Amino acid sequence: MIKFVRFDAGEGPVYGVLEGDVVTEIEGSIFENWAKGKNKYLLKEVKLLSPCEPTKIVCVGTNYREVVMKKGESLPEEPVIFLKPSTSVIGPEGKIVIPEGANEVNFEAELAVVIKKKAKDISHEEATEYILGYTCGNDITAKDFMEKGKPWTKAKCFDTFMPIGPCITAGIDGKNLGIRMYHNGNLVQNSNTSDMIFNVPQLISYISKIMTLNPGDVISTGTPPGKGVLKPGDVVEVEIENIGRLRNYAY
Ligand code: MG
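This is a predicted model, so every value here is computed, not measured. (Residues numbered from 1 in each chain as written. Predicted model: local features only at pLDDT ≥ 70, side-chain atom pairs only at ≥ 80, totals over all residues. Heavy atoms only, no water.)

1. Side note on the domain arrangement of the protein chain
The domain architecture assigned to the protein chain consists of domain 1 (1–49) and domain 2 (52–250). Computed from C-alpha atoms alone, the centre-to-centre distance between domain 1 and domain 2 is 24 Å. Counting residues at the interface gives 11 residues for domain 1 and 18 residues for domain 2. For the domain 1 and domain 2 pair, buried surface summed over both sides reaches about 1,200 Å², with 60% attributable to carbon and sulfur atoms. (Domains from an automatic or database assignment. Contact = heavy atoms within 4.5 Å. Buried area = accessible area lost by both parts, 1.4 Å probe.)

Following this line, the structure appears as structure tokens:
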């Protein structure tokens, strides 16, 4: 298991590996070949950034069985997907800006998959080799701007509406990870990725048959039940087993 981070130690963004409380800058690319360099820092000395810079984020709608069961609906036959722009991404400790006129901003704890190499028309059997690793995602939505039958773009695409981080964990399997959301310290979502309707390889295959996935692109795989309304000053933390906690503040 390797934890990649992107960070700034005062001289701009660089990539590193996180071991305990120590961040070691790497040489090369996390997507291809890399090696540990000589610069080391304590975690508390650096500012963690979003762990990658996606060209797009592909989000998956209803993808937890428990959500469907609670609504009394039948399971979807294919994934529901939508996009978030690269400009919606923020990193750990970043501020989620509540837009003017939005009174019902929701958070969603999601397992986010980071793509390792260009993926087009991939079968689900091949999909695993296109995964760099996993990070925590928080799919923020301004429900005020979500109208039935209309595109979700305004509700989903504001700047700061896609926190990701704190690290990308490589070398783990995404199919059985505890996933939780804390809202001002209260546990409001608590599930396991094994409850997903479409698993990660199926999602990569499905999406890659529609659009090319680039290295660093993110697939946010949907959220388990539980929600709350985000108000200025609130803190939200997504916690996923083997990855860590992604903490952000509403502003
Ligand atoms: Mg979502």
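On we go.
2. Description of the sheet that holds strand β9 (residues 95–96)
Spatial ordering of the open sheet is given by β9-β19-β18-β15-β16, a layout of 5 strands whose pairing is mixed. The open sheet has two edge strands with one neighbour each: β9 and β16 (186–192). By the bridge criterion, 6 bridges tie strand β18 (residues 235–240) to strand β19 (residues 244–250) in an arrangement that is antiparallel. Its bridge partner being in β19, valine 235 is matched across the sheet by tyrosine 249. (Pairing = 2+ DSSP bridges. Helix = DSSP H or I, 4+ residues; strand = E, 2+ residues; numbered from the N terminus.)

3. Section: the pattern of salt bridges
According to the stated counting rule, one finds 15 salt bridges in the structure shown. With a closest N to O distance of 2.9 Å, lysine 156 and aspartate 139 form a salt bridge. Of the two residues, lysine 156 is situated in helix α2 (residues 153–156) and aspartate 139 in the loop between β12 (131–138) and β13 (141–142); the sequence distance between them amounts to 17 residues. Given the relative accessible area of 3%, lysine 156 is considered buried. Linking arginine 245 and glutamate 237 is a salt bridge whose minimum nitrogen-to-oxygen distance equals 3.1 Å. Residue classification places arginine 245 among the partly exposed residues on the basis of a relative accessible area of 35%. The network of salt bridges with common partners includes Glu93, Arg180, Glu237, Glu239, Arg245 and Arg247. (Salt bridge = Lys/Arg side-chain N within 4 Å of Asp/Glu carboxyl O. Buried < 20%, exposed > 50% of the residue type's maximum accessible area, 1.4 Å probe, protein only.)

4. Side note on the layout of surface pockets
Considering only enclosed or pocket space, the largest pocket measures out at about 540 Å³ in volume. Top contributing element to the lining of the largest pocket by residue count: helix α1 (residues 65–71), with 3 residues. Taken together, the residues of the lining of the largest pocket break down into 10 nonpolar, 7 polar and 8 charged. (1 Å grid on protein atoms, 1.4 Å probe; cavity = no way out; pocket = protein on both sides within 12 Å on 5 of 7 lines; lining within 4 Å. Points joined across faces, edges and corners; volume = space filled by probe spheres on them. Nonpolar A, V, L, I, M, F, W, Y, C, P; charged D, E, K, R; others polar.)

5. Overview of the coordination of the magnesium ion
For the magnesium ion, the protein coordination sphere consists of Glu108 (OE), Glu110 (OE) and Asp139 (OD), at 2.0 to 2.1 Å. Within one chain, the residues serving as donors to the magnesium ion are arranged as E-x1-E-x28-D. Residue glutamate 110 is located in strand β11 (residues 109–115), and its partner aspartate 139 is located in the loop between β12 and β13; the two are separated by 29 residues in the primary sequence. Residue classification places glutamate 110 among the buried residues on the basis of a relative accessible area of 0%. The exposure class assigned to aspartate 139 is buried, which follows from its relative accessible area of 1%. (Donors = N, O, S within 2.8 Å, 3.2 Å for Na, K, Ca; no water.)

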